[in-house]
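# Analysis of the macromolecular model
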Amino acid sequence: MGDQENRLRKFKNVGKDLEERRCNRQENAIELRKNKKEENMMKRRNIDTVDVSEPLSPLQTNNCESNSALSTTPNEPIMSLDDIRTYIESTDEMRVLSAVRSTRRLLSPWAITNIASGTTEQTKAVVKSGAVEAFVHLLQSPHMNVVEQAVWALGNIAGDGAPQRDRVTEAGAVPILVKLANTVNNLPMLRNITWTISNLCRNKNPQPKIDTIKQLLPTLKVLLANDDRDIMTDACWALSYITDSSDERIQLPLDAGILPRLIRLLHSSDPRVTTPALRTVGNIVTGNDVQTQMVIDEGGLNAFQDLLKHQKSNIVKEAAWAMSNITAGNTAQIQAFLDANLLKPVIDVLRSGDFKSQKEAAWVITNLSTGGEIQQILQPVQAGVMEPYGMLLDCQDGKIVQMVLEGLRNFLTAAKAINQVEIMTNVIEESGTLDRLEQLQHHSNEDIYKMAYTLLEDFFSDDSAATADAAQPEVAPNGAITLNAAAASNEQPQGQPEAFSF
C-alpha cells in the first residue's frame with residue numbers, strides 16, 4: 001500500500017499525527033495551474049501592433065546608424081504622441097526630425113518588449129543584455145507610453161521563470177510598480193501593472209522571496225477590491241500563486257485581510273474571476289486547522305452549493321478538491337461541511353461529474369470516513385453514497401481504487417462499532433459494490449488484491465454473514481438508507497452512541 005499511503009499523507013487528516021494530517025495535496029490532487037493555453041496567455045502578452053493613434057516610424061532599420069541626422073541628443077525629451085503627430089506633418093524639417101527621433105525612442109522599448117515575449121532563449125538573451133535594469137529605469141519615465149512598454153517587458157520577463165523573475169525583483173522593480181499601482185488612473189495601464197505583479201508572484205524552485213510578497217500584498221488587496229474584471233482576475237491569480245505553498249506563506253495574505261473579498265468573489269458570475277478565487281481558497285484550506293477555520297468562519301462554505309453544480313467541469317473539480325480538504329480537517333470542520341448541506345451535491349458529482357471531478361468527490365467521502373465521528377461517517381451512507389462511490393472500484397486508476405477500499409473499510413468499521421455491520425454489508429451488496437469487491441480479488445495490483453481480500457474476510461465471511469438476515473435496510477427511491485425498527489432496537493455496547501439510522 002505504499003502508493004496509497006503516500007497519497008493519504010497529502011491530506012491534512014488521515015487519522016495519524018497532527019503534522020502528517022496537514023500535508024498539502026497539490027501534486028496528486030488536481031491540476032493546480034491553468035491549461036497550457038491559459039498558462040501561455042497569462043505568462044506572455046505579445047504586443048502585436050502599435051495603437052492606431054501612434055505614428056509608425058518611417059525609418060528603415062538597416063540604415064539607422066548611418067543616418068546621423070536622426071541621432072538624438074542625450075537630454076532631448078520625448079514628445080507626446082499629439083506633438084509627434086503635429087510635428088511630423090510640419091513643413092519645418094527640424095520639427096519633422098525631432099518627431100522622428102521621438103518616435104524611434106518610443107519604438108525601442110516596444111521592440112525589446114516583443115523580443116522579451118518570445119521564446120525562453122530570446123528572453124534570456126534580453127536579460128543577459130542588461131535590459132531588465134534598463135526597463136526598471138524606464139518605469140520612472142515621465143512619459144506614460146514609455147512606462148507602459150517597460151511594464152509589459154518586465155511582466156514578460158518575470159513570467160518566463162524563477163531566475164528571470166528574481167532578476168526583475170533584484171533590479172528594484174517592486175517598489176516602483178507598487179507606487180505606480182497606487183497612483184495611475186489609466187485603466188489599461190493598471191491592468192498591465194496587475195498582470196506584471198501576478199507574474200512576480202508565480203513560479204517555483206525557488207519561490208518568490210517572502211519579503212517581495214510582503215511588499216506586494218497591500219497593493220494586491222487594493223487591486224482585489226477593484227471592480228474591473230481583468231484586474232480582479234490577475235490579483236486573484238497572484239494570490240493563488242502565493243498560497244500554493246507552506247502554511248507560513250498561506251498566512252501572509254490572511255494577515256493582510258484579503259479573505260473577506262476573496263470569499264465574495266467565489267460568488268462571481270464570471271468564471272474568469274471565480275476560477276482563481278476558488279484556487280486561492282482551495283490552497284488556503286490545505287493549510288492548518290486555524291487557516292481552514294478562517295475560511296469557514298468567513299462563510300466560505302456558502303458558495304460551494306453553487307460551485308459544486310457549476311456548468312464548468314473544472315470549477316466543479318476544484319470545488320470538490322477544496323471540500324476534500326475541509327473533510328480532511330477536524331470533526332468540527334467535518335460537521336460544518338455537513339451543516340452546510342454539501343454532502344448531497346458532492347454525491348451528485350460522484351454520480352454524474354466527469355472523472356476528474358468524481359475522483360475529488362470520492363476523496364471528500366474517504367477523508368470524512370477517515371477523520372469523522374461515527375455519526376458523521378455514516379451520514380454519506382444514509383444519503384445514498386454507496387452506489388456511485390463503489391462504482392469507482394471499476395476505474396483504471398489504482399490509487400483511486402485503493403482510496404475507495406479504504407473508505408469502505410472505514411464505513412464497515414464505524415458500523416461494527418454500533419453493532420450494525422450486517423446492515424452495512426447489505427447496503428454494500430445491494431449497491432453492487434460487493435460484486436466489484438469480489439472481482440478485485442483477481443486484480444493485477446497486489447496491494448489492491450490484498451485490500452479487497454482482507455475486507456471480504458473481515459466483514460463478508462460466512463461467520464460474519466450468519467446473522468445478516470436479522471436486519472435489512474430500507475432503501476428509498478433516491479438511494480437513501482433507513483434502518484428498520486427491529487435493527488434500531490438492538491442493544492448497543494456500553495459507552496457507544498445509540499443506533500444510527502442509515
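Calculation criteria
Sequence order as written defines residue numbering, which begins from 1 separately in each chain. Given that this is a predicted model, residues contribute local features only at a pLDDT of at least 70 and side-chain atom pairs are listed and counted only at 80 or more, while totals for whole chains, interfaces and linings are drawn from all residues. Note that water and hydrogens are dropped before the side-chain values are worked out from all heavy atoms of the structure. Under the DSSP-based scheme used, a helix requires at least four consecutive residues in state H or I and a strand at least two consecutive residues in state E, with every element numbered from the N terminus. Accessible area is worked out with a 1.4 Å probe on protein chains only. A residue is then buried under 20% of its type maximum, exposed over 50%, and partly exposed in between. By the convention used here, residues are in contact when the closest approach between their heavy atoms is within 4.5 Å. Areas reported as accessible are Shrake-Rupley estimates using a 1.4 Å probe. Residue values count occlusion only from the protein chains shown. Only the stretch in contact is used when fitting a helix axis, every axis being a line fitted to C-alpha atoms; angles between N-to-C directions are given from 0 to 180 degrees. Angles below 35 degrees are treated as roughly parallel, those above 145 as roughly antiparallel, those between 65 and 115 as roughly perpendicular, and all remaining angles as oblique. Take the far helix as the reference: if the near one is turned anticlockwise from it by less than a right angle, the crossing is left-handed, and if turned clockwise, right-handed. Here the nonpolar group is Ala, Val, Leu, Ile, Met, Phe, Trp, Tyr, Cys and Pro; Asp, Glu, Lys and Arg are the charged ones; every other residue, Gly included, is treated as polar. Without a salt bridge and with relative accessible area above 30%, a residue can belong to a patch; like charges are then joined within 9 Å and nonpolar side chains (Val, Leu, Ile, Met, Phe, Trp, Tyr) within 5 Å. Any carboxyl oxygen of Asp or Glu within 4 Å of a side-chain nitrogen of Lys or Arg constitutes a salt bridge here. Just so you know, the count uses Lys and Arg for positive and Asp and Glu for negative, and it drops His and the chain ends. Here the site of a charge means NZ on Lys, CZ on Arg, CG on Asp, or CD on Glu. Residues enter a nonpolar core if they are buried and are Ala, Val, Leu, Ile, Met, Phe, Trp, Tyr or Cys, with the set joined through side-chain atoms within 4.5 Å. Per residue, pLDDT measures the predictor's confidence, with a range of 0 to 100. Expected helix span is computed as 1.5 Å times (number of residues minus one). Ring pairs shown here join Phe, Tyr and Trp side chains whose ring centres sit within 6.5 Å, with only the six-membered ring taken for Trp; geometry is labelled stacked below 30 degrees between planes, edge-to-face above 60, and tilted in between.

In this section: the overall build of the protein. Helix and strand counts for the protein come out as 30 helices and 2 strands. The buried share among the 502 residues of the protein stands at 52%. Partitioning the contacts of the protein with sequence separation of at least 6, the portion at a separation of at least 24 is 71%. Put simply, the protein shows about 22800 Å² of open surface, and 48% of that area lies on carbon and sulfur atoms.

Next up on the list: the packing of helix H13 (residues 210-224) against helix H15 (residues 247-255). Axis separation between H13 and H15 bottoms out at 10 Å; the angle between their running directions is 15°. Relative to H15, the element H13 lies roughly parallel. The chirality of how H13 crosses H15 is right-handed. Contact with H13, carried on its side by Ile210, Ile213, Lys214 and Leu217, involves Glu248, Arg249, Leu252 and Pro253 of H15 and no other residues of that element. In the contact of H13 with H15, the residues fall into 5 nonpolar, no polar and 3 charged.

In a pair of packed helices, the angle between the axes and the distance between the axes together describe the arrangement. The N-to-C vectors of helix H20 (residues 313-326) and helix H23 (residues 355-371) enclose an angle of 15°; their axes lie 8 Å apart at closest approach. Relative to H23, the element H20 is oriented roughly parallel. Like other packed secondary-structure pairs, H20 and H23 cross with a definite hand, here left-handed. Across the interface between the two elements, Ser313, Val316, Lys317, Ala320, Trp321, Met323 and Ser324 of H20 pack against Lys356, Ser357, Glu360, Ala361, Trp363, Val364 and Asn367 of H23. Looking at the contact of H20 with H23 residue by residue, the class counts come to 7 nonpolar, 4 polar and 3 charged.

Another aspect to go through is a negative patch on the surface. Residues Glu429, Glu430, Asp435 and Glu438 make up a contiguous surface patch of negative charge. The set of elements that each furnish at least two residues to the negative patch consists of helix H27 (421-430) and helix H28 (433-439). For Glu430, the location among the structural elements is in helix H27.

Here the focus is the nonpolar core. Core analysis: the biggest nonpolar cluster contains 126 residues, and Leu220, Met323, Phe337, Tyr389, Phe411 and Leu437 have the highest contact counts within it. When residues in this core are grouped by element, the largest group, 10 residues, is from helix H26 (residues 398-417).

This part is about the confidence of the model for the protein. Per-residue pLDDT for the protein averages 80, and the proportion of residues at 70 or more is 71%. The low-confidence segment residues 1-72 (pLDDT under 50) makes 161 contacts with residues lying over four places distant or belonging to another chain. Contacts for the low-pLDDT stretch residues 465-472, under 50 throughout, to residues beyond four places or in other chains number 11 contacts.

Within the span of H15, buried status applies to Arg249, Ile250, Leu252, Pro253 and Leu254. Close packing links the buried residues of H15 with H13, helix H14 (229-243), helix H16 (259-265), helix H17 (271-284) and helix H18 (289-297). A positive backbone phi angle near 80° is found at Gly257, which sits one or two residues after H15.

To continue, consider helix H9 (residues 144-158). With 15 residues, H9 should cover 21 Å at 1.5 Å per step; its first-to-last C-alpha distance of 21 Å lies within 8% of that length. Counting buried residues in H9 gives 13 out of 15 residues, a clear majority hidden from the surface.

The linkage connecting Asn205 with the following residue, Pro206, adopts the cis geometry, with an omega of 0°. When you line up the elements, Pro206 lands in the loop between helix H12 (187-201) and H13. One non-glycine residue, Asn205, lies in positive phi territory at about 55°. Take Asn205: it is sitting in the loop between H12 and H13. Phi at Asn419 takes a positive value of approximately 60°, unusual for a residue other than glycine. Inspection of the secondary structure puts Asn419 in the loop between H26 and H27.

We now examine the environment of Gly384. Tracing the sequence through the fold places Gly384 in the loop between helix H24 (374-382) and helix H25 (386-391). Linking Gly384 and Asp348, residues 36 residues apart in sequence, is a C-alpha distance of 10.0 Å.

Turning to the environment of Met232, a few remarks are in order. As for its position among the elements, Met232 is in helix H14. For Met232, a relative accessible area of 10% translates into the label buried. For the pair Met232 and Thr274, spaced 42 residues apart in sequence, the C-alpha to C-alpha distance is 9.9 Å. Look past the residues within four positions of Met232 in its chain and what remains in contact with it is Leu223, Leu224, Asn226, Asp227, Arg261, Leu265 and Val273.

Taken as a whole and judged by the stated rule, the model has 4 aromatic pairs. Taking 5.7 Å as the distance between ring centres and 50° as the angle between the ring planes, the aromatic pair formed by Trp152 and Trp195 counts as tilted. On the criterion of sequence distance, the pair formed by Trp152 in helix H9 and Trp195 in helix H12 is long-range, its members being 43 residues apart. The pair Trp152 / Trp195 is uniform in exposure class, with both members buried. Ring centres of Tyr389 and Phe411 lie 5.9 Å apart, and the angle between their planes is 70°; this geometry places the pair in the edge-to-face category. Of this pair, Tyr389 sits in helix H25 while Phe411 sits in helix H26, and the two are 22 residues apart along the sequence.

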